[in-house]
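For reference, the chains in residue letters:
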Amino acid sequence: ARLIHQLFQYCCDDGVLHDSALQTLQRTCPPAMLANLLGSSFEADGDISKVKVSQLPSSWSRNAVKKSPDMKSERNRRGRGQTNEWDRIRRWRFKRDQTPRQR
């Protein structure tokens, strides 16, 4: 449970939460854990399994790559020299970690 919480927090802090990650959490986490992760940041009309990323704070998904409806599936694109979303996230995090943070 702690690992799930940490990964979710990293996604939100880096702004890379997207619909497929949230859907995976909704399928695999108990409702109580999901409610704890999302906190009071959503309005789901009482059903936490129907929360969409668009209902959550925009800062949680500010760097997430938006897929267009005509985009080919990830499985079809692999191996063709095209980068996938995780490659972009890794490059972005590497670049971010290389620059000194100002707080």
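Residues numbered from 1 in each chain as written. Predicted model: local features only at pLDDT ≥ 70, side-chain atom pairs only at ≥ 80, totals over all residues. Heavy atoms only, no water.

**A closer look at the overall build of the protein**
Broken down by element type, the protein carries five helices and zero strands. Helices and strands appear in the protein in the N-to-C order α-α-α-α-α. Burial status across the protein gives 27% buried among its 103 residues. Here the analysis covers contacts within the protein between residues at least 6 apart in sequence; of these, 52% occur between residues at least 24 apart. (Helix = DSSP H or I, 4+ residues; strand = E, 2+ residues; numbered from the N terminus. Buried < 20%, exposed > 50% of the residue type's maximum accessible area, 1.4 Å probe, protein only. Contact = heavy atoms within 4.5 Å.)

**What to know about the packing of aromatic side chains**
Within the structure shown, the criterion is met by one aromatic pair. Ring geometry for F8 and W60: centres 5.6 Å apart, planes at 85 degrees, overall edge-to-face. One end of the pair, F8, is in helix α1 (residues 2–14); the other, W60, is in the loop between α3 (31–38) and α4 (74–77), with 52 residues separating them in the sequence. In this structure W60 comes out as buried when scored by relative accessible area, which is 15%. (Phe/Tyr/Trp six-rings, centres within 6.5 Å; stacked < 30°, edge-to-face > 60°.)

**Quick look at a nonpolar patch on the surface**
Taken together, L3, L7 and Y10 make up a surface patch of nonpolar side chains, about 330 Å² in accessible area. Using a relative accessible area of 56% as the deciding quantity, one classes L3 as exposed. (Patch = residues over 30% accessible without salt bridge, like charges linked within 9 Å, V, L, I, M, F, W, Y side chains within 5 Å. Areas by Shrake-Rupley, 256 points an atom, 1.4 Å probe, with all protein chains shown as cover. Salt bridge = Lys/Arg side-chain N within 4 Å of Asp/Glu carboxyl O.)

**A word on the side chain of Q26**
Relative to the helices and strands, Q26 resides in helix α2 (residues 19–28). Given the relative accessible area of 17%, Q26 is considered buried. Aside from chain neighbours lying at most four places away, what touches Q26 is L34, I48, S49, K50 and V51.

**Focus on α2**
Burial in α2 covers these residues: L22, L25 and Q26. Buried residues of α2, seen end-on, are gathered within an arc of 100 degrees and therefore sit on one face of the element. Opposite the buried face of α2, at more than 90 degrees from it, the exposed residues are R27 and T28. Summarising the contacts, the buried residues of α2 are in contact with α1 and α3. (Arc of directions from axis to C-beta.)

**Observations concerning the packing of α1 against α3**
Between α1 and α3, whose axes approach to 11 Å, the crossing angle comes to 35 degrees. You can see that α1 and α3 cross each other, and the crossing is right-handed. Contact with α1, carried on its side by I4, H5 and F8, involves M33, L37 and L38 of α3 and no other residues of that element. Classifying every residue of the contact of α1 with α3 gives five nonpolar, one polar and no charged. (Axes fitted to C-alpha atoms, helices over the stretch in contact; angles between N-to-C directions. Left-handed = near helix turned anticlockwise from the far one by under 90°. Nonpolar A, V, L, I, M, F, W, Y, C, P; charged D, E, K, R; others polar.)

**Let's talk about the environment of Q23**
In this fold, Q23 is placed in helix α2. For the pair formed by Q23 and V51, sequence separation is 28 residues and the distance between their alpha carbons is 8.8 Å.

**Brief notes about the side chain of D14**
As for its position among the elements, D14 is in helix α1. Residue classification places D14 among the buried positions, given a relative accessible area of 7%. The contacts of D14, once residues within four sequence positions are left out, are R62, N63, W92, R93 and R96.

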